[in-house]
Amino acid sequence: MKYILPVVFVFVFNHLSFGQGALPETFFNGKSVVLVSNDPGARPAMSWEVLADSIHSAIVDAGGDPVAYFELEQVAISEVVQSDYASAFSSRLVKNIIFITRQKTNTSIHVAPFTGDFEMIPSISVFGISGSDYQSTADQFSAIGDTNKTRNLLVIDVPEFPSINQTENSTSQKFLQTNPLNLEVFKLGIPIEGSAAETGLISYFRYDMYGKSQATILAEQEAQKSGIEQILKEEYLFDTEWLTEPKTDEELIRDRVQFLLVKVEARESDMMKSMGLEVPTGQSANRTVVKYYIKLIVRNELYLGPEWDADPDWRVALRNFLRNLKK
């Protein structure tokens, strides 16, 4: 894995917001998986499944073959979760990833070729169209079929929402409910959010991420780094290293960075299930939380810590996790 410069992230992300890229030829001759991100604050209110159903016919009319729909937030929980989904997509011979992003005042549809690995797409500079609402965007996308001939003939009439089966090689088997050893011997690498791509490129199409300005992204990254530095100073005694330049796993190990601090954000129930943990009953399981864990690079082991310490506030979640490392 490579760890990308934050400035590269800002440039490419800002580039994407202007709808660059060409429609892949495989769109007209291959299966597509659709990842949907729906702002619950958008009006009229609807679930992501209803949104998918509302746009499905437009994708078919445009010439696509959408074989399955998933909620983007569930797929983009972490790199390891994405790997499971990518394996399932590869087994179905998927050639394209389609993103539907619905925000309060904008809805967009983007199409990218499927890479076959956890990143899923080769770049975030991809073909896309946008409209003020989902219906106008669907109408624009549907019109693609007026000028392009498709070879996708046997397509489904209604959207399908399959589940990804868990196996012994699934992500839930890779998380450990304990603390890693030898933190005092090796450095803990700390990527700035948006630079390490722990959740891959597809997260940039989330409704709460898409279209942010360069100034906003830079300000958020600077505030995050400053906040993390303060918490580390108070709660973590061992050596750390900021990941601010491209490095492979081999290069990190050579520099004595054997651990990575990883941040994930998702609905608590989805997150716990993906990590192989029992999901508590009650309303709290539906809240969006932040969880930190440590990845041991040399053995690809993921350490959650001895206690569940996720919290809606990333600062509280980080402080909880670091304190639990001392147990």
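A brief report on the enclosed structure follows. Computed from a prediction, not measured in an experiment: that's the story for all the values here. (Residues numbered from 1 in each chain as written. Predicted model: local features only at pLDDT ≥ 70, side-chain atom pairs only at ≥ 80, totals over all residues. Heavy atoms only, no water.)

## Overview of the nonpolar core
And then number 1: Counting 45 residues, the largest nonpolar core has Val33, Leu35, Phe89, Met120, Ile121 and Ile202 as the members making the most contacts within it.
And then number 2: Taken together, the elements giving at least two residues each to this core come down to strand S1 (31-38), strand S2 (65-71), helix H3 (72-75), helix H4 (79-91), strand S3 (94-102), strand S9 (257-267), helix H8 (268-274) and strand S10 (288-296).
And then number 3: In contact with Ile202, other than residues within four places in its own chain, are Leu35, Leu72, Val75, Ala76, Gln82, Phe99, Glu119, Met120 and Ile121.
And then number 4: One finds Leu23, Ile98, Ile100 and Phe127 within the second-largest nonpolar core, a separate group that totals 24 residues. (Core = buried A, V, L, I, M, F, W, Y, C linked by side-chain atoms within 4.5 Å. Buried < 20%, exposed > 50% of the residue type's maximum accessible area, 1.4 Å probe, protein only. Helix = DSSP H or I, 4+ residues; strand = E, 2+ residues; numbered from the N terminus. Contact = heavy atoms within 4.5 Å.)

## Digging into the pairing of S3
And then number 1: In terms of burial, S3 is a largely internal element, eight of the nine residues being buried.
And then number 2: Where S1 lies against S3, eight bridges are found, and the strand directions are parallel. Bridge pairing links Val34 to Ile98 in S3.
And then number 3: The loop that links S3 with its antiparallel partner strand S4 (residues 107-113) comprises four residues. (Pairing = 2+ DSSP bridges.)

## Quick word on H4
And then number 1: Between its first and last C-alpha atoms H4 spans 18 Å; for 13 residues at 1.5 Å apiece the expected length is 18 Å, and the two agree.
And then number 2: Listing the buried residues of H4 in full gives Glu79, Val80, Val81, Gln82, Asp84, Tyr85, Ala86, Ala88 and Phe89.
And then number 3: Directly beyond the C-terminal end of H4, a positive phi value near 60° is found at Leu93. (Expected span 1.5 Å × (residues − 1).)

## Considering the pairing of strand S5 (residues 127-131)
And then number 1: Here S5 lies mainly inside the structure; four of its five residues are buried.
And then number 2: Two strands pair when backbone bridges link them, and S4 and S5 are joined in this way by five bridges, in the antiparallel orientation. Bridge pairing links Val111 to Phe127 in S5.

## Focus: the pattern of salt bridges
And then number 1: If you walk through the whole model with that rule in mind, you get 15 salt bridges.
And then number 2: Of the charged contacts, one joins Asp309 and Lys291 as a salt bridge, the two residues approaching to 2.9 Å between their closest N and O atoms. Placement of Asp309 in the loop between strand S11 (301-303) and helix H9 (314-324) and of Lys291 in strand S10 is noted, with a sequence separation of 18 residues between them. For the pair formed by Asp309 and Lys291, the shared burial category is buried.
And then number 3: Connected through shared salt-bridge partners, Glu234, Glu235, Arg319, Arg323 and Lys326 make up one network. (Salt bridge = Lys/Arg side-chain N within 4 Å of Asp/Glu carboxyl O.)

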